[in-house]
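Chain by chain, the residues:
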Amino acid sequence: MHKTDVKKMAEYALFTALAFIFSYIESLFPLPIPFPGIKLGLANLVIIILLYRSGFAAALSVSLIRNVLNAFTFGSLFGLFYSLAGSILSLLAMEGLRRIKPLNLSVITISSIGGILHNAGQFLVASFLVGAEAVLPYFPFLYFAGLLAGLLIGIFGKICLKKLKI
């Protein structure tokens, strides 16, 4: 193993730990809203920074590991399905949008779309598990929660990327 490989592995481990800690902190302070499962997604700040700093594969790896750690530590197998669907769908979309250079979308816009699609992925899993009719009334709240969370994470992400000179 080369020195650079070890350095990357250590860096990704630190990003994973940071994302996991952000998830834990967020679990300590649930939002006072009547809809279960809606949160800011502080760990996604780490994922956005990693996406722009190290690329899609690194962001996906850290995201998947964090989701598994969260499920075993704080959640359940069903929670893992929801998280994976949201994370993978949003990351695929954010990477696709980031690569379309003529669009020149900002981190804030890409994160906002990622937030919406994260919740859309979770909605798809819920639709599959309990039926679309049961969760369809919930979709507008998920949409706007994803938009707001993505917007906030995008703003913080832009600030962090600027400070990190990425």
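Right above here is the structure, for reference.
The model shown is predicted, which means the values in this text are computed figures rather than measured ones. (Residues numbered from 1 in each chain as written. Predicted model: local features only at pLDDT ≥ 70, side-chain atom pairs only at ≥ 80, totals over all residues. Heavy atoms only, no water.)

Student: Go over the overall build of the protein chain, please, and point to the residues and values.
Tutor: When its secondary structure is counted, the protein chain shows 7 helices and 0 strands. Along the protein chain, from the amino end to the carboxyl end, the secondary structure elements read α-α-α-α-α-α-α. For 166 residues, the compact-globule estimate of 2.2 N^0.38 gives 15 Å, and the C-alpha radius of gyration of the protein chain, at 16 Å, lies within 12% of that figure. Each principal axis of the C-alpha distribution contributes one length, and for the protein chain these read about 50 × 40 × 25 Å. When the 166 residues of the protein chain are sorted by exposure, 37% land in the buried category. Put simply, of all contacts in the protein chain between residues at least 6 apart along the chain, 73% involve residues at least 24 apart. When the accessible surface of the protein chain is summed, it comes to about 9,900 Å², and 74% of that surface belongs to carbon and sulfur atoms. Once the 13 positive and 5 negative side-chain charges of the protein chain are each reduced to a mean point, those two points are 13 Å apart. (Helix = DSSP H or I, 4+ residues; strand = E, 2+ residues; numbered from the N terminus. Rg over C-alpha atoms; globule rule 2.2 N^0.38 Å. Buried < 20%, exposed > 50% of the residue type's maximum accessible area, 1.4 Å probe, protein only. Contact = heavy atoms within 4.5 Å. Areas by Shrake-Rupley, 256 points an atom, 1.4 Å probe, with all protein chains shown as cover. Lys, Arg positive; Asp, Glu negative; His and termini not counted. Charge placed at Lys NZ, Arg CZ, Asp CG, Glu CD.)

Student: Break down the packing of helix H2 (residues 43–54) against helix H3 (residues 56–73) for me, citing the residues and quoting the values.
Tutor: Put simply, H2 and H3 touch, their axes get as near as 7 Å, and they point 155° apart. The orientation of H2 with respect to H3, classified from their angle, is roughly antiparallel. By crossing handedness, the relation of H2 to H3 is classed as right-handed. Contacts from Ala43, Asn44, Ile47, Leu50, Leu51 and Ser54 of H2 reach H3 at Phe56, Ala58, Ala59, Val62, Ser63 and Arg66. Looking at the contact of H2 with H3 residue by residue, the class counts come to 8 nonpolar, 3 polar and 1 charged. (Axes fitted to C-alpha atoms, helices over the stretch in contact; angles between N-to-C directions. Parallel < 35°, antiparallel > 145°, perpendicular 65-115°, else oblique. Left-handed = near helix turned anticlockwise from the far one by under 90°. Nonpolar A, V, L, I, M, F, W, Y, C, P; charged D, E, K, R; others polar.)

Student: Would you mind going over the pattern of salt bridges in detail, with residue names and values included?
Tutor: Oppositely charged side chains are able to pair whenever their charged atoms sit close together. Taken as a whole, this structure holds 3 salt bridges when the rule is applied. One salt bridge connects glutamate 95 with arginine 99, and the closest N-O pair in it is separated by 2.4 Å. Here glutamate 95 pairs with arginine 99, and both are found in helix H4 (residues 77–99), just 4 residues apart, close to one helical turn. Residue classification places glutamate 95 among the buried residues on the basis of a relative accessible area of 6%. Judged by relative accessible area, which is 60%, arginine 99 ranks as exposed. Within this structure, Glu95, Arg98 and Arg99 form a network of salt bridges that share partners. (Salt bridge = Lys/Arg side-chain N within 4 Å of Asp/Glu carboxyl O.)

Student: Would you mind going over the nonpolar core in detail, with residue names and values included?
Tutor: Ranked by internal contacts, the top residues of the largest apolar core, which has 20 residues, are Phe15, Leu50, Ala59, Leu91 and Met94. When residues of this core are traced back to their parent elements, those giving at least two are helix H1 (3–28), H2, H3, H4, helix H5 (107–130) and helix H7 (139–163). At 8 residues, H2 tops the list of elements feeding residues into this core. Listed in part, the 7 residues of the second largest apolar core include Phe123, Ala126, Val135 and Tyr138. (Core = buried A, V, L, I, M, F, W, Y, C linked by side-chain atoms within 4.5 Å.)

Student: Give me the lowdown on H7, citing residues and values where you can.
Tutor: Under the 1.5 Å per step criterion, the end-to-end length of H7 is 36 Å for 25 residues, consistent within 8% with the ideal 36 Å. Residues of H7 that are buried: Leu142, Ala145, Gly146, Ala149, Gly150, Ile153, Gly154, Gly157 and Leu161. Buried positions along H7 lie against H2 and H5. Following H7 by one or two positions, lysine 165 has its phi on the positive side, about 60°. (Expected span 1.5 Å × (residues − 1).)

Student: Account for unusual backbone geometry, with residues named and values stated.
Tutor: What you tend to see is this: most non-glycine residues have negative phi, and most peptide bonds are trans. Positive phi outside glycine occurs at asparagine 104, with the angle close to 50°. Locating asparagine 104 in the fold gives a position in the loop between H4 and H5.

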